[in-house]
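# Examination of the molecular architecture
Residues per chain, in single letters:
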Amino acid sequence: VQLQASGGGLVQAGGSLRLSCAASGRLFSNYNMGWLRQAPGKVREFVAVISWTGTTTYYADAVQGRFTISRDNAKSTVYLQMNSLKPEDTAVYYCAADTGHTPSRRVDDYDYWGLGTQVTVSS
């Protein structure tokens, strides 16, 4: 599967962005899909994941209550709605596919990665 993230940009603190990730390939609906991010000088970290059915979601504590992950299997697309953005949310955001049975919070469990999209939150 090939993944292409979009929707990043520059936003003021308190603002919102919606990231999209379009997938190619017929197996998208079989994969758990995640969003992960990497800030300058930091390791890549988990942000959110949604199960292949769309019924289970997990979030990192830092974004719980502010970010919402969703998917549209008919469009082979996963979304990340980001509200109440903070400067510490500044990072390159990646979408990734996990072929495992259950959705994972572990970065190493993701098998396919797209190119990232930059999100910058100004104070």
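Data block above holds the structure.
About the criteria used
- Residues numbered from 1 in each chain as written.
- Predicted model: local features only at pLDDT ≥ 70, side-chain atom pairs only at ≥ 80, totals over all residues.
- Heavy atoms only, no water.
- Buried < 20%, exposed > 50% of the residue type's maximum accessible area, 1.4 Å probe, protein only.
- Helix = DSSP H or I, 4+ residues; strand = E, 2+ residues; numbered from the N terminus.
- Pairing = 2+ DSSP bridges.
- Salt bridge = Lys/Arg side-chain N within 4 Å of Asp/Glu carboxyl O.
- Polar contact = N/O pair within 3.5 Å; in protein donor to acceptor, adjacent residues only side chain to side chain.
- Contact = heavy atoms within 4.5 Å.
- Disulfide = S-S within 2.5 Å.

### So, the pairing of strand β11 (residues 117-122)
Put simply, side chains in a regular strand alternate between the two faces of the sheet. The alternating pattern of β11 places T117, V119 and V121 on a buried face and Q118, T120 and S122 on a face that is not buried. With 4 bridges connecting them, strand β2 (residues 9-12) and β11 associate as parallel partners. Residue Q12 lies in a different strand from β11, and its bridge partner there is S122. Pairing between strand β9 (residues 91-98) and β11: 3 bridges, direction antiparallel. By the bridge assignment for β11, A91 is matched with V119.

### Some thoughts on the pattern of salt bridges
All chains considered together, the criterion is met by 4 salt bridges. The shortest N-O distance in the salt bridge between R37 and E45 comes to 2.6 Å. Here R37 falls in the buried class, since its relative accessible area comes to 6%. The salt bridge partner of D89 is R66, with a shortest N-O separation of 2.8 Å. Separated by 23 residues along the polypeptide, D89 in the loop between β8 (77-82) and β9 and R66 in the loop between β6 (57-59) and β7 (67-72) bring together distant segments of the chain. In terms of burial, D89 and R66 fall into one category: buried. Several salt bridges converge on common partners, so that one network encompasses R37, E45, R66 and D89.

### What to know about unusual backbone geometry
Of note, the phi angle at S76 is positive, near 50°, even though the residue is not glycine. Of note, S76 is situated in the loop between β7 and β8. In this structure, S84 takes a positive phi of about 50° despite not being glycine. Relative to the assigned elements, S84 resides in the loop between β8 and β9.

### Concerning the side chain of R66
R66 gets classed as buried once you look at its relative accessible area, which sits at 10%. One polar contact links the side chain of R66 to the main-chain carbonyl oxygen of A62, over a distance of 2.8 Å. Separated by 2.9 Å, the side chain of R66 and the backbone oxygen of S84 make a polar contact. Those residues in contact with R66 that sit more than four places away from it in its chain are Q81, M82, N83, S84, L85, K86 and D89.

### Digging into the state of the cysteines
By the definition in use, this model includes 1 disulfide. One disulfide bridge connects C21 with C95, the sulfur atoms lying 2.0 Å from each other. Between C21 and C95, the S-S dihedral sits near 55°, and the bridge is therefore right-handed. Here C21, found in strand β3 (residues 17-24), pairs with C95, found in strand β9; they are 74 residues apart in sequence, far enough to count as distant. For C21, a relative accessible area of 0% translates into the label buried.

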